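Overview (structure and organization)
The lines below spell out each chain.
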Amino acid sequence: MDLLEYQGKQVFARHGVPVPSGRHAQTVDEAAAAADDIGYPCVIKAQVQIGGRGKAGGIKVAQNRNEALEHAQAILGMDIRGLTVHELWVEGASEIASEYYASVVFDRSAKAPLVMLSTKGGMDIEEVADSDPDAIARLHVDPLLGFQEFHGRRLAFEARVDDDVVRPVGAMLAKLYDLFVAEEATLVEVNPLIVTPERDVRALDAKVTLDDNALFRHPDNAELRDPSNEDPQERMAKERGLTFVKLDGDIGILGNGAGLVMSTLDVVAQAGGSPANFLDAGGGSKAEAITSAVEVILSNPSVKAVLFNIFGGITRCDEVARGLIEAFDQINPTVPFVVRLDGTNDVEGRKLLAEAQLPNVFAESTMDGAAQKVVELAASA
Amino acid sequence: MDLLEYQGKQVFARHGVPVPSGRHAQTVDEAAAAADDIGYPCVIKAQVQIGGRGKAGGIKVAQNRNEALEHAQAILGMDIRGLTVHELWVEGASEIASEYYASVVFDRSAKAPLVMLSTKGGMDIEEVADSDPDAIARLHVDPLLGFQEFHGRRLAFEARVDDDVVRPVGAMLAKLYDLFVAEEATLVEVNPLIVTPERDVRALDAKVTLDDNALFRHPDNAELRDPSNEDPQERMAKERGLTFVKLDGDIGILGNGAGLVMSTLDVVAQAGGSPANFLDAGGGSKAEAITSAVEVILSNPSVKAVLFNIFGGITRCDEVARGLIEAFDQINPTVPFVVRLDGTNDVEGRKLLAEAQLPNVFAESTMDGAAQKVVELAASA
Amino acid sequence: MSILVDSNTKLVVSGITGREGTFHSLRNRDYGTQVVAGVTPGKGGQDVEGIPVFNTFHDAVASTGANTAMIFVPPRFAADSILEAEDAGASLIIAITEGIPAHDELRAFNVIKKNGRARLIGPNCPGILSPGKANVGIIPAAFFKEGNVGVVSRSGTLTYQIGNVIAQQGFGNSTIVGIGGDPVPGSDFIDIIGLFQDDPETELIVMCGEIGGDAEERAAEFIAENVTKPVVAYIAGFTAPPGKTMGHAGAIVSGSRGTAKAKAEALESRGVRVGRTPTEVAELAASLLGAAA
Amino acid sequence: MSILVDSNTKLVVSGITGREGTFHSLRNRDYGTQVVAGVTPGKGGQDVEGIPVFNTFHDAVASTGANTAMIFVPPRFAADSILEAEDAGASLIIAITEGIPAHDELRAFNVIKKNGRARLIGPNCPGILSPGKANVGIIPAAFFKEGNVGVVSRSGTLTYQIGNVIAQQGFGNSTIVGIGGDPVPGSDFIDIIGLFQDDPETELIVMCGEIGGDAEERAAEFIAENVTKPVVAYIAGFTAPPGKTMGHAGAIVSGSRGTAKAKAEALESRGVRVGRTPTEVAELAASLLGAAA
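To keep things clear, this report deals only with the structure shown in the data block. (Residues numbered from 1 in each chain as written. Chains lettered and ligands numbered in written order. Predicted model: local features only at pLDDT ≥ 70, side-chain atom pairs only at ≥ 80, totals over all residues. Heavy atoms only, no water.)

1. Brief notes about the packing of aromatic side chains
Going through the model one piece at a time under the given rule, you end up with 16 aromatic pairs over all chains. Consider the rings of Phe 311 of chain A and Tyr 160 of chain C, whose centres lie 6.4 Å apart with planes at 55°: the pair is tilted. In this pair, Phe 311 of chain A is assigned in strand β16 (residues 305–312) and Tyr 160 of chain C in helix α5 (residues 156–168), connecting two distinct chains. Note on accessibility: Phe 311 of chain A and Tyr 160 of chain C belong to one class, buried. Centre to centre, the rings of Phe 308 of chain B and Phe 337 of chain B are 5.9 Å apart; their planes meet at 55°, and the pair counts as tilted. On the criterion of sequence distance, the pair formed by Phe 308 of chain B in strand β16 (residues 305–312) and Phe 337 of chain B in strand β17 (residues 337–343) is long-range, its members being 29 residues apart. Here Phe 308 of chain B falls in the buried class, since its relative accessible area comes to 0%. For Phe 337 of chain B, a relative accessible area of 1% gives the class buried. (Phe/Tyr/Trp six-rings, centres within 6.5 Å; stacked < 30°, edge-to-face > 60°. Helix = DSSP H or I, 4+ residues; strand = E, 2+ residues; numbered from the N terminus. Buried < 20%, exposed > 50% of the residue type's maximum accessible area, 1.4 Å probe, protein only.)

2. Observations regarding the sheet that holds strand β3 (residues 59–62) of chain A
All names here are of chain A. Strands sit in the order β1-β6-β2-β3 across an open sheet of four strands; the sheet is antiparallel. Looking at strand neighbours, the two that pair on one side only are β1 (22–25) and β3, the edges of this open sheet. Adjacent strand axes in the sheet meet at a mean angle of 20° when their direction is disregarded. As paired elements, β1 and strand β6 (residues 88–92) share four bridges and run antiparallel to each other. Within the sheet, the bridge partner assigned to Gly 22 lies in β6 and is Glu 91. Of the strands in this sheet, β1, β2 (42–46) and β6 touch helix α2 (residues 28–38), which is tilted by about 170° from β1. (Pairing = 2+ DSSP bridges. Axes fitted to C-alpha atoms, helices over the stretch in contact; angles between N-to-C directions. Contact = heavy atoms within 4.5 Å.)

3. Regarding the interface of chain B and chain D
Listed by partner, the interface residues are 47 residues for chain B and 56 residues for chain D. Taking both sides of the interface into account, the surface hidden between chain B and chain D amounts to around 4000 Å²; carbon and sulfur atoms contribute 60%. Counting across the chain B and chain D interface gives five salt bridges. As a salt-bridge pair, Arg 257 of chain D and Glu 126 of chain B come within 3.8 Å of each other at their nearest N and O atoms. Run the count over chain B and chain D and you get 18 residue pairs in polar contact (both at pLDDT 80 or more). Looking at the side of chain B that touches chain D, the elements with two or more residues in it are β8 (112–118), α6 (166–182), β10 (185–195), β13 (243–246), α9 (258–270), β16, β17 and α13 (367–380) of chain B. Looking at side-chain class alone, the side of chain B that touches chain D contains 22 nonpolar, 13 polar and 12 charged residues. (Buried area = accessible area lost by both parts, 1.4 Å probe. Salt bridge = Lys/Arg side-chain N within 4 Å of Asp/Glu carboxyl O. Polar contact = N/O pair within 3.5 Å; in protein donor to acceptor, adjacent residues only side chain to side chain. Nonpolar A, V, L, I, M, F, W, Y, C, P; charged D, E, K, R; others polar.)

4. Looking at helix α3 (residues 75–88) of chain D
Residue and element names in this part refer to chain D. Relative to the 20 Å expected for 14 residues at 1.5 Å per residue, α3 spans 20 Å between its end C-alpha atoms, a close match to the ideal helical length. Most of α3 is tucked away: 10 of the 14 residues are buried. Listed as buried for α3 are Ala 78, Ala 79, Asp 80, Ser 81, Ile 82, Leu 83, Glu 84, Ala 85, Glu 86 and Ala 88. Two residues or fewer past α3, Gly 89 is found with a positive phi of approximately 105°. (Expected span 1.5 Å × (residues − 1).)

So, in C-alpha cells, the structure goes:
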C-alpha cells in the first residue's frame, strides 16, 4: 500500500523524523483555514501518488490568504497524469540551503534492507543512478543487527553531506530505518531531504510503501485511504477477496494461480488480443468464488469476451464449471465465454458444462487454442 | 542496581506484564489509606532487598483497616536481616491456584540471555535447581534474534504448566524478555508467577537488577532509590567517583586496579588482618583523587591502619605520594599508614614521601611486606 | 536420484490439524511420503489418522527423527513456525503458506542463512515433488511421472501446465521444485539449479520465472558459469503493466527493472533457450532431450 | 614468536584525538608498534603527530591496510565503534574502554561471533603486549622483557604485579594479554590459552583469574584436555563477600557461584598449580621454568 505524502509525513512525525508542520484539507475553505493557521508563506500541495506534481502545477506557494484560496481552487479537482486531486496538504514554506535524497528499500536481491543517501536531492533518483551512480552512497543493513550509528556516519561521509550535518543526517537515516522496520514498510523515501539556512535537517517529501501482508499488525495504517487512486472495479474485487488487476483491453481473463494467469495474458496478447484484467481465482476456488469473479469481470463494460483458463491442481474443474453455470443463472451474460478446463476433475467439469448447454460458451482443450478462440470472438463482437 | 519489589512491579506494568494493583506507602497512615483504596483483603509488604521477608514477618494480609494499621505499624522500622524497613507496598490479595517461577538472566557463560520457567514456584529456586534440576525448563535466546513465540511455547510445554495457561505464560515470558532488553536489566525474576482460580496469570513478586553502566540511557531508572540499602560511606565514595565496597574489618585498603586491590585484601587476610574496605583508586589517579579517597577510608571509625598498595602503570607513583601528602595536610590522620609504591615514577614517589616526613607513614618495598606491616600496626593500635 | 525430497524424507507438518493441513498431509502420505509427525501447540498426544501430533517441533524431531518440515500454518504464525523448525534441527523446511509479512520473511531468511543448518523452500510455494519417491506440498502428483527433467518454478499452476505439456510429449521429471512467488524466497533459482546440475538423474532443467526482482538474471549468470546441462526457460508476464503486483507479492515491475523482456534477454544472451509460451517450452525441452537421447 | 600482536600489527585507533587516546597511541608507537591510522568522525584529514585521522574505520582500513583496531572511545560509543571496526574488516579488535553497557557488549560479542571474521579482546582491558615487538593498549612496557612466559589476565595492575615479580626472577614474556574484567569478554581464558599452547615461544602460561563467572572453571577443563605446557594460576578475591561487585563489573560472587575457592579447586583438580599470592605465583613459575630449562 502506497501512502500519500501527508500520510507518510504523519508516520514520519510519529517516529521522530523532522517534517515541516502542516495540515490536511479537502476543500478550498479548509485549505485557506489551514494556511491561516500555519502562516505565510505556505505551500499548497496536491495529494496524489505520482511524480511530477510540481511540474503539473500541483504544488504552489501562497504568500497570503487570497493566494491560498486561489491555489486550492486551482489544484482541487485537477487531473495529474490520470489522477484526480481530492486532497491537499498545506504546510509552512521551508527555506532550502541544500537538497539531499534518502531512502530505505527492501532489496530483494541482497535479501536485506538497502539504505541510500545522496546530495543530489530533488531530482529523479533513477536518473541520478544512471548518470552519476557514485553520487549515491549505498549500504545494506543486516536485518538481525539493525541500523547502527556507524552506518549513518559512513553513509553521510561517503555521500559527502556538509560536515556540520553529518550527525543529524545520520540520525535521520537511523529513524527512517526504525520506521521502515516498525511499520513494516517496503519503501521509505525522502526526496528532497533538506538542510535549511539555520542548518536544520527536514523531510520535505515522504514516500512510504507498506507491506499489505503486515497490515493486520498495524490497524491504524490499514485504515489509511487514497481516494484518488481507487478504481471501483479493483475495490469490488478486493472486497470479494479476489486477486485482480485492471488492464486496458477488452478480453476478460480468469485463471487459477498467478503465474498461469500472467502466462494467459501473454498468450492472449501473442494471439493478437488485449486483456481487460488479471484475475487469479486462487488455489482451491469453490463455485461461489467463481460466480463472484464473473461478476467482477463483467462489471467492466469494455469486456467483449471472457477466457477461463484453469489447470486444476487443488482447484477442481467441476467446481469451476458449477461456478460458471451459477453465474450464468444469476447474471445471464451476453458476451461469449471460452473455457479451457484441464487437471483435477477435468472430465467431470467438461461434462457439467456440456450438459448445461450455456449459450455462447465455447469449450477448448488447450491453452493456446482457447486464446486463439477468445481473440477471434472479441474481434468479431 | 537492584530494584525494590514495588519499583520492579512498576517497571513490569510499564511493559504490560500483569501485576496486582498496589500502592506505595512510607507511613502507617499512607499504608492504611492505600489499603482502603485497594480494598480488603490486601497485603502489606516490607520493601527491602532480601529474601525471606515473609518468614521474618515482613509480609502480612490485612482483612480490614484495623489490621492494615496494625501490620503497617509492625512492619515499618522492622529489621529484616540487617535491613531497616522504610517503605511498604500495599496490594490487593491474590487468590492462588498455582505458583510458578520465571526469570530472564544474563548468562555470562553462554554469553546469551537465559530464560527459565518452573512450576516449582514460591520457593528458593537455587534449592530447586539442586534438588530437582529437571523441574526447571531453560532456554538460551540468541540476542540478535530475540525471544520468539516458539520459545515461550517450548518453555511452557517443557515446564509442564497447565495446558490452559501455556499461551499466557509464554506471552508473559516474551514480555519479561522485552523488558530485560529494553530496560537493560541483568536479571528479571518473578517468584511466584501465579495462576489465579480465574486462570489469570500474574507476577506476584518482582526482582529486577539493572545494569549500572546503562543507566545513562534510562534517566527514570537512574532516579530510583532504596533508602534501606544505602550505606553513607558507600554513598560518599560513589559521589566522589571511587570504586568502593565496605567490609567488616579494621584495615583501610587503597590500591589501583580492581584485581590488585582484591589481591591486596587476600594478602592482608593471609597475614592475619581484616580489611575494612575495598577501594580501587582506578587507573591514572591524580593527587586529588587520592586525597579524596583517604577521606572516604577514614570516615569509617573502625579503621585502625591504612595500606596503600600501588603498582603504577598509567598511575604515577609521584601523583599518589602528592595526594597522600595533601591528605595529611588537610585531615591530619591519627592512624598509621603503610605505603608501597612500585612501578611508574616509583623513585620520585618514594622520594617525595621521604622528604615530607609524614608522621606514622611507613614505606615498604613489597606487597607481602606491606601487608605484614599493616597487620602488625592494626593489631597494636 | 532426485533432489531435496525422496524416500529418506521424514516429514513433520506444522498445522497438520487444520483442514488444508490434514488434507495435504494425508495426500502426501498416500503418495508414499514418510509423514512421521505433526505439530500443533496444545494438541500434543493426539494423532491425525495415525500420524502423531506434538506440541513443539523439538518434541516431534526428538521422537520421530523427522528431517524435513512442511509449514502449513496461517501467515501470522508462519515465520515463527519456520524458525522453530530450524531451531529443532530440520534440515529442509518447505513453507507453503501464502501471505507472510515481508519483514517476517526477511528475518527468517537471514536467521537460517547465518546459522547455516537448514535450507528453506518457499514460502508461498506449492512444495516439492520427486515423482515415484516423495511429494511434499500441494503439487497434484497425478500429472507427473519419473523422468529426467528437473523443474524449478516461481509459480504453481504454471508449473503444472508446463509439466503437463512435457508429460504429453512422453517425458517425466526428476524433481519439481516450487520456490514460490514471494519477494524473499528461501531458495533461489541458482540454489536449485545447482542441485539439478549435480543430480545424475536430471538431464535437462526447466526454469519458470516471472516478472519482478532479478532472480532470473542472476540465474542466467550462474548457468553461464556453472551449468553444463541444457536449460530451457519460461518467463511469465510480458504484458504486465509496471507498478502493479500480478498476484504474487514478488511479481511486480518497478520502473525499468524486473521486466519479462529483460529477463528473457539475460537468459538468451547466456545460451538459455527461452520459450514464449508453455507449449513452446515443452517443445524446446522435447527437442533437446530427443537430441540428447 | 608471540601471539595476537607483533611486528605485522598495523594499528588503527578509534578515539585517537582524545587526551588518553593520543597519549597511549603515541606511547604504543614509541614502543615500535605500527600505528597507521586513527578514527574520529569529523576529523578526517587531520593527523596526530603524523598519524593520519579518518572519519570512518572503512576509510582508515582502505587507506592504510590496518588489520588491528584499538577502541579508546567513551563507553556510550564503544560498542558502535567495535562493530564499525569489525564491519571495516579489522581482524583483531582490542577494546580498552571501561564501563560499556552489558547489553551493548552482548550484542557486539554475538555479532562478531556469528560473522566469524574478527577476534575481540576486552572490553575493559589493558590491551596486549608482545615485548620487543608491539604494544597495543596501556600496559606499561618498561616492566616486561622478551621471554617465554605467556600471561593472560582479567586484571591490569595485578598482571603488572605478577609480571614484575616474574621479571625479578629473571624471566620474560612472549605475550601478555589482558582479557578484561567485564561480564562478557570478547575472548576468554580458553581462547588465549589455546593460542599460547600453539605458540612455539611460550613455554609456560600464567593465568590471573578473579571471582565471578565460570571462565576459570571452563579454562580448567580446557587445560586438562588440550594444554601440554605447564600452567600456573592465580585467583584474586578469596576474601570477597558475596553479592558485592569488586571493582570489575564481572567480579561478583552470586550465591555459591563464582568464588575464588571453587575456581582454585577446579584448576588444582586438573593439575594446574595455583599460587596463593602473586609472589607465590612467580615462584611457582620460576621453579617450573627452572626445571624445564
